[in-house]
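Topology and contacts: notes
Residue strings, one per chain:
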Amino acid sequence: MSKAFTREDDNQDDEPDVEPATPALPGGKNYITPAGAKRLRDELHELVTKTRPHITEVVAWAASLGDRSENADYIYNKRKLREIDRRIRFLTKRLEIAEVVDPALNPGNEKVHFGATVVVREEDGTEKTYAIVGVDEIDIKRGRISWVSPLGRALLKSKAGDSITFQSPKGAIDLEILNVSYVSLPA
């Protein structure tokens with residue numbers, strides 16, 4: 001019998017329900033700043049209390065209309081519900097292994113560790129400021145880099161006055177560290 005004439009199960013997914021690959025973290029630790037942890041908790045709360053219940057209502061309404069096989073509202077929102085459930089599982093797992101580190105509690109430390117704000121001078125003389133943050137907080141436009149990124153790893157354990165070299169996609173880049181400070185990062 002041709003597959004075109006068989007009825008598919010309503011619960012069958014077009015896409016497999018596979019967890020998104022979470023990046024491997026050294027030591028299994030998910031270091032995160034207080035602002036980053038709050039952002040993840042806020043997103044999880046929004047998904048669980050507002051977004052998911054709303055989409056569930058839409059799916060129930062669409063299912064009540066009858067034939068689900070050609071019901072675009074049902075198919076689209078069912079897929080959206082699966083995506084929301086995947087994100088909820090991801091955020092829950094990330095928060096379970098999160099180790100919150102407040103950079104403001106590390107004043108006077110001269111070496112670069114997690115949470116440090118580092119001012120560097122590039123070979124051409126331009127100065128840039130980077131904050132070493134967790135993998136869930138990366139924001140290149142705001143100068144927030146992951147502690148497991150190539151630049152983040154190169155900066156770790158260095159101090160003001162040191163010169164470091166790190167391998168970028170463009171090749172080896174030399175940087176001079178001008179300043180290391182520990183301040184609370186805004187969300």
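Residues numbered from 1 in each chain as written. Predicted model: local features only at pLDDT ≥ 70, side-chain atom pairs only at ≥ 80, totals over all residues. Heavy atoms only, no water.

**Notes on the sheet that holds strand β3 (residues 117-122)**
Adjacent strands of a sheet form backbone hydrogen bonds with each other and so pair up, either parallel or antiparallel. To keep things clear, this is the line we draw: Two strands pair under a simple rule: DSSP has to find at least two bridges between them. We count a stretch as a helix when DSSP gives it H or I for four or more residues in a row; a strand needs E for two or more, and each element gets its number in order from the N terminus. Fitting a line to C-alpha atoms yields each axis, with helices limited to the stretch in contact; the angle taken between N-to-C directions then spans 0 to 180 degrees.
Taken in spatial order, the 5 strands of this open sheet run β5-β4-β3-β7-β6, and their pairing is mixed. Edge positions in the open sheet fall to β5 (144-146) and β6 (163-168), since each of these has one partner strand only. Taking the axes of each pair of neighbouring strands and ignoring which way they run, one obtains an average angle of 45° across the sheet. For β3 and strand β7 (residues 171-181), the ladder comprises 6 bridges, and the chain directions are antiparallel. In the strand pairing of β7, arginine 121 is matched with glutamate 176.

**Comments concerning the nonpolar core**
The cut-off we apply is this: The nonpolar core is taken to be a set of buried Ala, Val, Leu, Ile, Met, Phe, Trp, Tyr and Cys residues, with the residues joined through side-chain atoms within 4.5 Å. The cut-offs for exposure are 20% and 50% of the maximum accessible area for each residue type, with area from a 1.4 Å probe on protein chains only; residues under the lower value are buried, those over the upper are exposed, and the others partly exposed. We call two residues in contact when some of their heavy atoms are within 4.5 Å.
If you look at the biggest cluster of nonpolar residues, it comprises 17 residues, and the most contacted ones within it are Val112, Val118, Val120, Ile132, Leu151, Leu155 and Ile177. Looking at this core, the elements with two or more residues in it are β3, β4 (127-133), α3 (150-155), β6 and β7. Counting residues per element, this core draws most heavily on β7, at 3 residues. Excluding residues that lie within four positions of it along the chain, isoleucine 177 makes contacts with Val118, Val119, Val120, Leu155, Ser158, Lys159, Ala160, Gly161, Asp162 and Ile164.

**Things to note about the pattern of salt bridges**
Inclusion rule: Throughout this description, the term salt bridge denotes a Lys or Arg side-chain nitrogen within 4 Å of a carboxyl oxygen of Asp or Glu.
In total, this model carries 9 salt bridges according to the counting rule given. One salt bridge connects aspartate 136 with arginine 94, and the closest N-O pair in it is separated by 3.2 Å. With a gap of 42 residues between them, aspartate 136 in the loop between β4 and β5 and arginine 94 in helix α2 (residues 72-96) connect regions that are remote in the sequence. Look at aspartate 136 and you get buried, because its relative accessible area is 16%. Across the salt bridge formed by arginine 121 and glutamate 127, the nearest N and O atoms sit 3.7 Å from each other.

**So, the confidence of the model for the protein chain**
Under the convention used in this document: Per residue, pLDDT captures the predictor's confidence, and it can take any value from 0 to 100.
The share of residues in the protein chain with pLDDT of 70 or more is 84%, and the mean pLDDT across the chain is 85. Contacts from residues 1-21, a stretch scored under 50 in pLDDT, to residues over four places away or in other chains number 17 contacts.

**Details of unusual backbone geometry**
In this structure, lysine 157 is a non-glycine residue whose phi angle is positive, near 70°. For lysine 157, the location among the structural elements is in the loop between α3 and β6. Residue class for lysine 157 comes out exposed when judged on its relative accessible area of 62%.

**Details of α2**
Selection rule: Each helix should span, by expectation, one fewer than its residue count multiplied by 1.5 Å. What qualifies as a polar contact is a pair of N or O atoms within 3.5 Å, subject to a donor-acceptor requirement within protein and to the restriction that residues adjacent in sequence count only when both atoms come from side chains.
Look at α2: 36 Å from first C-alpha to last across 25 residues, which is about the 36 Å you get at 1.5 Å a residue. By the burial criterion, the buried members of α2 are Tyr74, Asn77, Leu81, Arg82, Ile84, Arg86, Ile88, Phe90, Leu91 and Arg94. The distance from a side-chain oxygen at the start of α2 to the backbone nitrogen of aspartate 73 is 3.2 Å, and the residue carrying that oxygen is asparagine 71.

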